[in-house]
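Observations on the three-dimensional arrangement
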Amino acid sequence: MKLIVAVIQDKDSARLSDALVEKEFQATKLASTGGFLKAGNSTLMIGVEDDKVEQVLDIIRENCQAREQLVAPISPMGGNADSYVPYPVEVQVGGATVFILPVEQFEKF
Ligand code: 2BA
């Protein structure tokens, strides 16, 4: 068994959750925050048998899209003025960042 941990954009989370339920996969959605943008994103934990991992990855690919996002300038107050960028910068936020972990034991009570 594997635990798939997928960090995705909030905009895709309802669609991805619906697609997983439709294919009878169970998932838990956690509200998370990106370390770089400090903006909300969603993290899905999906426990699946090894032979279903590729199917879940396909569903994630189909339902999550990369987007450009503007990063607001950070005030230099109290920080290092040398690194201050006075204008918004565009970054590409990926459709999904996925970690696949082996599950040592799985129980439901
Ligand atoms: P954030 O940390 O808010 O990062 C959002 C996007 O900003 C990233 O998209 C990347 O394009 C850019 N970015 C991140 N750190 C950067 C830096 N030091 N310099 C320049 N640009 C930077 P993604 O790579 O697609 O990541 C989307 C979200 O996935 C991340 O949000 C974070 O929440 C999560 N993530 C990505 N890589 C991770 C990792 N290795 N471990 C844990 N979480 C990760």
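Predicted model, so just to flag it, every value in this text is computed and none were measured. (Residues numbered from 1 in each chain as written. Predicted model: local features only at pLDDT ≥ 70, side-chain atom pairs only at ≥ 80, totals over all residues. Heavy atoms only, no water.)

With that settled, the discussion passes to the sheet that holds strand E6 (residues 96–102). The four strands lie next to each other as E2-E3-E1-E6, forming an open sheet whose pairing is antiparallel. Every other strand in the sheet has two partners, leaving strand E2 (27–33) and E6 as the edge strands with one partner each. When strand polarity is set aside, the average angle formed by the axes of neighbouring strands in this sheet is 20°. As judged from the seven bridges shared by strand E1 (residues 2–8) and strand E3 (residues 40–48), these two strands associate in the antiparallel manner. Considered in E3, the bridge of Lys2 is made with Val48. Contacting E1, E2 and E3, helix H1 (residues 10–22) runs over the sheet at an angle of about 20° to E3. (Pairing = 2+ DSSP bridges. Helix = DSSP H or I, 4+ residues; strand = E, 2+ residues; numbered from the N terminus. Axes fitted to C-alpha atoms, helices over the stretch in contact; angles between N-to-C directions. Contact = heavy atoms within 4.5 Å.)

As a further point, take the site of the ligand. What surrounds the ligand is the set Val7, Gly34, Gly35, Phe36, Leu37, Asn41, Val91, Gln92, Val93, Gly94, Thr97 and Phe99. Between the ligand and Leu37 there is a distance of 2.8 Å, counted from an oxygen atom to a backbone nitrogen or oxygen. Thr97 is positioned with one of its side-chain polar atoms (N or O) 3.4 Å from an oxygen atom of the ligand. Counting residues per element, the ones that place at least two in the shell around the ligand are strand E5 (89–93) and E6. Ranked by the residues each element gives to the shell around the ligand, the list is headed by E5, at three residues. Taken together, the residues of the shell around the ligand sort by class into six nonpolar, six polar and no charged. (Near = heavy atom within 4 Å. Polar contact = N/O pair within 3.5 Å; in protein donor to acceptor, adjacent residues only side chain to side chain. Nonpolar A, V, L, I, M, F, W, Y, C, P; charged D, E, K, R; others polar.)

This paragraph deals with the pattern of salt bridges. Applying the stated criterion across every chain yields a total of four salt bridges. In this structure, Asp50 and Lys2 form a salt bridge, with 3.2 Å as the shortest nitrogen-oxygen distance. In this pair, Asp50 is assigned in the loop between E3 and helix H2 (53–63) and Lys2 in strand E1, connecting sequence segments 48 residues apart. (Salt bridge = Lys/Arg side-chain N within 4 Å of Asp/Glu carboxyl O.)

What follows deals with the nonpolar core. Within the largest apolar cluster, 16 residues are counted, with the highest numbers of intra-cluster contacts made by Ile4, Leu16, Leu20, Ile46, Val48, Val56 and Ile60. Going through the elements one at a time, E1, H1, E3 and H2 are the ones with two or more residues in this core. At five residues, H2 tops the list of elements feeding residues into this core. Apart from residues lying up to four places away in sequence, Val56 is in contact with Ile4, Leu20, Phe25, Ile46 and Val48. (Core = buried A, V, L, I, M, F, W, Y, C linked by side-chain atoms within 4.5 Å. Buried < 20%, exposed > 50% of the residue type's maximum accessible area, 1.4 Å probe, protein only.)

This part takes up the environment of Gln105. Mapping Gln105 onto the fold places it in the segment after E6. Gln105 gets classed as exposed once you look at its relative accessible area, which sits at 62%. Distance from Gln105 to Met1, taken between C-alpha atoms, is 8.4 Å for residues 104 residues apart in sequence. A polar atom in the side chain of Gln105 sits 2.7 Å from the side chain of Glu107.

These results come straight from atomic positions and should not be treated as a statement about function.
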